[in-house]
Amino acid sequence: MTVKITVGLDGTDTGERALTFARDLASRIENCELIVTYVIEWSPFTFQTAEENEKRHKRRDEEINIATTRVVTPAVEALKDAGIKAQGVVQHGDVAETLNRIATEHGASQIIVGRVSNDGFTKRIFGSSTQNLVMHASVPVTVVG
Amino acid sequence: MKAYKTLLAASIASLAAPAAFAQGIDEQVNQAFATATGPFVSFIFAPIPGTGFPWIVMWLVIAATVFTIYFGAVQFRFFGHAIGLVKGDYSDPNDAGEVSHFQALATALSGTVGLGNIAGVAVAVGIGGPGATFWMILAGLLGMASKFTECTLGVKYRNEYEDGTVSGGPMYYISKGFNELGLPGGKILAVLFSIFCILGALGGGNMFQANQAHAQISGIVGDYPGWITGLIFAAVVFAVIVGGIKSIATVTEKVVPLMGILYVGAALIILIANYNMIGWAFGQIFAGAFTGLGVAGGMVGALIQGFKRAAFSNEAGVGSAAIAHSAVKTKEPITEGFVSLLEPLIDTVVICTMTALVIVISQQLIIDETTGVYMLNEAGTAIATVDGNTGVALTSAAFGSTISWFPFVLAIAVILFAFSTMISWSYYGLKAWTYLFGEGKTVELVFKIIFCIFIVIGASASLGPVIDFSDAAIFAMAVVNILALYFLMKLVRVELNSYAERLEKGEIKKFGH
């Protein structure tokens, strides 16, 4: 049986460290697949102008395209070159919620993420995505510092 | 940017101009405007022969009633479902990142919630008495069905371009829908709608806003020529829609909902503070609805004012919201219709009623103590108010009588509402404009410049001619739109029946979030 692990990337160094950790882990497990995931922070409850709405579909495609070509595909390719099974997923949504959902949908046994990507004022009020994930995830979460 | 600076410089220089000269400009603009728009306004508001009842009001009410019956009171049957859709219960997480139902609703609302709710209601209650509120609420409830019809069609027949952007609205569903049904005249109606939409954008979506924003500002800082406000507003709008300074629009989009909440909150505080009068106020509203309580035009006057201002405020049947809602990417156009039916409810039934209650409770309308009916002003055209206030000044005085500093908050709210409505309508007008003249940078620029010029005219003219023209233009849109909706409504019913059946069978599922 394949052991699946979801690893969350965000295009930053901490995300890279999470990926490195996941790769090391995967290389030690027989038949392991990494679900390399990039969640584009997005909320359906924001206020936008009509013009922004009109162009939203186009922007969404652009955002997915950028995340895929710049972060996810290179990571998946590198993993495959190292002999590790991997697939990429890019989605919009709340980072913690979406990572958890993707992990559940793919039947992953754990989630690996970097420590903190956002900081400052918002973090103090809402907590970081990582904190939220740790608090609410349905599978074990490994946080890489 | 250069033009923006020139405009600013001109407006600053003008502040030094002699007041008499400045007032002269206002008067000239006002007169020229009233003469130019007179015939159009008289036609739209022509009474049904033998009565004093404008045919256009009848037209809107009949339409809203027909849609309500035709779709089996869709606004009540699917109310809960509409809330569920807005909450995102039925949104597929894999579609995340597209325009959500909530966002489309919020965008459409920011175009409608505005001065209609603050100034328009004051006009209705000032002329038609408290009873106008009753008819306004009724019109709001019925109007939900009109909104449902047009917004469903708006999404169903929008244009999707190769680059992923979309354009929609009555002009598209009229021409495409008529084609599909093999009916003639679709193109002509679509063109006619576009022309009226441009006028509506310049009228209610622009001049009325500029005019009332000026009234509000001059009420606080003292009287000064309206064209100065007009120039400043025009400069800022220009900076956003031509200069592409998105930050201003973005900030407004975030602040406006907050202002809306603040406004309703303040109204609630006043109602709570005067809770013992709420019963009396509703009594006045019901009694006034059927007797008129001595207002100009009696019960019919109350009814006309109520229906007119409701339509002006929530724009149900006008077709503007269909433009705003078309941006939603959904597999089921009808879901957007369900969501849109919440608009007249929030706009008219909730916010407008709040304004009306505050005005009635604050006793700004003078009641003759001996007869218990409302006293008319000297001209006999409206109810006498405490300081002779009308429009937004009346609302401001009503709020100020309980919360003394609120008129300042209201002034900011009015300016922001006016601004966001202008931005929304510049978009609606532009869509109609590009439908007529094709898409392209120069074509769009021409419209945007015309739009800015009308801001100055609107701020300079007096309320009477501006409100007449604004109403007339918006209602002219409804004439064409509703006529088309009668032919197209069977297409919506097919969608509705199919959706209702699948919802019943459980084929349309909630997504666990």
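Here is what the cut-offs are and how they apply
Residues numbered from 1 in each chain as written. Chains lettered and ligands numbered in written order. Predicted model: local features only at pLDDT ≥ 70, side-chain atom pairs only at ≥ 80, totals over all residues. Heavy atoms only, no water. Helix = DSSP H or I, 4+ residues; strand = E, 2+ residues; numbered from the N terminus. Rg over C-alpha atoms; globule rule 2.2 N^0.38 Å. Pairing = 2+ DSSP bridges. Axes fitted to C-alpha atoms, helices over the stretch in contact; angles between N-to-C directions. Salt bridge = Lys/Arg side-chain N within 4 Å of Asp/Glu carboxyl O. Buried < 20%, exposed > 50% of the residue type's maximum accessible area, 1.4 Å probe, protein only. Contact = heavy atoms within 4.5 Å. Polar contact = N/O pair within 3.5 Å; in protein donor to acceptor, adjacent residues only side chain to side chain. Patch = residues over 30% accessible without salt bridge, like charges linked within 9 Å, V, L, I, M, F, W, Y side chains within 5 Å. Areas by Shrake-Rupley, 256 points an atom, 1.4 Å probe, with all protein chains shown as cover. Nonpolar A, V, L, I, M, F, W, Y, C, P; charged D, E, K, R; others polar. Core = buried A, V, L, I, M, F, W, Y, C linked by side-chain atoms within 4.5 Å. Disulfide = S-S within 2.5 Å. Parallel < 35°, antiparallel > 145°, perpendicular 65-115°, else oblique. pLDDT = per-residue confidence, 0-100. Right-handed = clockwise from strand over helix to strand, strands pointing away. Phe/Tyr/Trp six-rings, centres within 6.5 Å; stacked < 30°, edge-to-face > 60°. Lys NZ or Arg CZ within 6 Å of the ring centre and 35° of its normal.

Draft legend 1. Quick peek at the overall build of chain A. For chain A, the helix and strand inventory stands at 5 helices and 5 strands. Going residue by residue from the N terminus, the α and β elements of chain A occur as β-α-β-α-β-α-β-α-α-β. The globule rule puts the C-alpha radius of gyration for 145 residues at 15 Å, and the 16 Å found for chain A is close to it. In terms of overall dimensions, chain A has C-alpha extents of about 50 × 30 × 25 Å along its principal axes.

Draft legend 2. The arrangement of the sheet that holds strand E4 (residues 110-114) of chain A in detail. All names here are of chain A. On the basis of which strands lie adjacent, the open sheet formed by 5 strands has the order E3-E2-E1-E4-E5 and parallel pairing. Of all the strands in the sheet, just strand E3 (85-93) and strand E5 (141-144) have a single pairing partner and so form its edges. When the angles between neighbouring strand axes are averaged without regard to direction, this sheet yields 25°. The sheet contact formed by strand E1 (residues 3-9) and strand E2 (residues 32-41) spans 7 bridges and is parallel. Note that in E2 the partner of Val3 across the bridge is Cys32.

Draft legend 3. Region of the structure containing the pattern of salt bridges. Counted by the stated rule, this structure contains 15 salt bridges over all chains. Linking Glu51 of chain A and Lys55 of chain A is a salt bridge whose minimum nitrogen-to-oxygen distance equals 3.5 Å. With Glu51 of chain A and Lys55 of chain A both in helix H2 (residues 50-81) and 4 residues apart, this pair spans about one turn of that helix. Residue classification places Lys55 of chain A among the partly exposed positions, given a relative accessible area of 24%. Asp89 of chain B is paired through a salt bridge with Lys510 of chain B; the nearest N and O atoms lie 3.8 Å apart. Here the residue Asp89 of chain B occupies a position in the loop between helix H5 (79-87) and helix H6 (101-112), and Lys510 of chain B occupies one in the segment after helix H21 (463-505), the gap between them amounting to 421 residues.

Draft legend 4. Structural detail: the environment of Ser167 of chain B. All names here are of chain B. Looking at the element boundaries, Ser167 is found in strand E2 (residues 166-167). For the pair Ser167 and Pro39, spaced 128 residues apart in sequence, the C-alpha to C-alpha distance is 33 Å. Dropping the residues within four chain positions of it, Ser167 is found in contact with Arg158, Asn159, Tyr161, Tyr172, Lys431 and Glu439. A distance of 2.8 Å separates polar atoms of two side chains, one belonging to Ser167 and the other to Lys431.

Draft legend 5. Summary view of a nonpolar patch on the surface. Taken together, the side chains of Ile220, Val221, Trp405 and Phe408 of chain B make up a nonpolar region of the molecular surface, amounting to roughly 450 Å² of accessible area. Tracing the backbone through its elements, the reader meets Trp405 of chain B in the loop between helix H18 (391-400) and helix H19 (406-437).

Draft legend 6. The interface of chain A and chain B, seen in detail. Contacts between the two partners involve 21 residues from chain A and, on the opposite side, 28 residues from chain B. Taken together, the links from chain A to chain B amount to 3 salt bridges. For Glu54 of chain A, the salt bridge goes to Lys431 of chain B, with nearest N and O atoms at 3.0 Å. The tally of links between chain A and chain B comes to 14 residue pairs in polar contact (both at pLDDT 80 or more). Broken down by element, the residue count for the side of chain A that touches chain B peaks at 10 residues, all from H2 of chain A. Among the residues forming the side of chain A that touches chain B, the class breakdown is 5 nonpolar, 8 polar and 8 charged.

Draft legend 7. The environment of Ser175 of chain B, seen in detail. All names here are of chain B. Mapped onto the elements of the fold, Ser175 is located in helix H9 (residues 170-181). Relative accessible area serves as the criterion here: at 15%, Ser175 is assigned to the buried category. Linking Ser175 and Tyr157, residues 18 residues apart in sequence, is a C-alpha distance of 9.1 Å. When near neighbours in sequence (up to four residues on either side) are disregarded, Ser175 contacts Gly186, Ala190 and Tyr435.

Draft legend 8. A look at the nonpolar core. Counting residues in each nonpolar core, the largest one holds 162 residues, and the members touching the most others are Val74, Phe148, Ile174, Phe338 and Phe451 of chain B. The greatest single-element share of this core, amounting to 20 residues, is contributed by H21 of chain B. The next biggest cluster of nonpolar side chains, apart from the first, holds 23 residues, and it includes Ala26, Ile40, Val76 and Ile84 of chain A.

Draft legend 9. Expanded view of unusual backbone geometry. Residue and element names in this part refer to chain B. Although it is not a glycine, Ala73 sits at a positive phi angle of roughly 55°. Along the chain, Ala73 falls in the loop between helix H3 (55-70) and helix H4 (74-77). In this model, Gln363 sits at a positive phi of 55°, which is unusual for a non-glycine residue. Relative to the elements of secondary structure, Gln363 occurs in the loop between helix H17 (342-361) and H18.

Draft legend 10. Representation of the state of the cysteines in the model. With the rule as written, the count across this model stands at 0 disulfides over all chains. Here Cys352 of chain B stays unpaired: no disulfide links it, and the sulfur of Cys151 of chain B, its closest cysteine neighbor, is 18 Å away.

Draft legend 11. Inspection of the packing of helix H7 (residues 115-128) of chain B against H18 of chain B at higher detail. Residue and element names in this part refer to chain B. Remark: H7 packs on H18, axes separated minimally by 7 Å, with the N-to-C direction vectors making an angle of 95°. The orientation of H7 with respect to H18, classified from their angle, is roughly perpendicular. Here Ile118, Ala119, Ala122, Val123 and Gly126 of H7 lie close against H18, whose contacting residues are Gly391, Val392, Leu394 and Thr395. Its residues placed into classes, the contact of H7 with H18 shows 6 nonpolar, 3 polar and no charged.

Draft legend 12. Geometry of the confidence of the model for chain B. Residue and element names in this part refer to chain B. With 94% of its residues at a pLDDT of at least 70, chain B reaches an overall mean of 86. Of all the helices and strands in chain B, helix H1 (residues 2-15) carries the lowest mean pLDDT, 47, while H9 carries the highest, 95. When the criterion is pLDDT under 50, residues 7-19 qualifies, and its contacts beyond four places in sequence or with other chains add up to 7 contacts.

Draft legend 13. Geometry of the pairing of E1 of chain A. All names here are of chain A. Most of E1 is tucked away, with 5 of its 7 residues classed as buried. One crossover worth recording links E1 to the parallel E2 by way of helix H1 (residues 13-28), and it is right-handed. Examined bridge by bridge, E1 and E4 share 3 bridges and lie parallel to one another. Pairing of Thr6 across the sheet is with Ile111, part of E4.

Draft legend 14. Seen up close, helix H16 (residues 333-340) of chain B. The element H16 of chain B is largely enclosed, with a buried count of 8 among its 8 residues. Within H16 of chain B the residues assigned to the buried category are Pro333, Ile334, Thr335, Glu336, Gly337, Phe338, Val339 and Ser340 of chain B.

Draft legend 15. Expanded view of the packing of aromatic side chains. Residues and elements named next belong to chain B. Taken as a whole, this structure holds 29 aromatic pairs over all chains when the rule is applied. Measuring from ring centre to ring centre gives 6.2 Å for Phe40 and Phe196, while their planes differ by 20°; the resulting arrangement is stacked. Residue Phe40 is located in helix H2 (residues 19-44), and its partner Phe196 is located in helix H10 (residues 186-221); the two are separated by 156 residues in the primary sequence. Exposure remark for Phe196: the relative accessible area of 18% places this residue in the buried category. Grouping aromatic residues by their ring pairs yields a cluster made of Tyr70, Phe71, Phe78, Phe148, Phe338 and Tyr499. Sitting over the ring of Phe45, Lys308 keeps its end group 4.4 Å from the ring centre. Just above the ring of Tyr70 sits the side chain of Arg493; from NZ or CZ to the centre is 4.0 Å.

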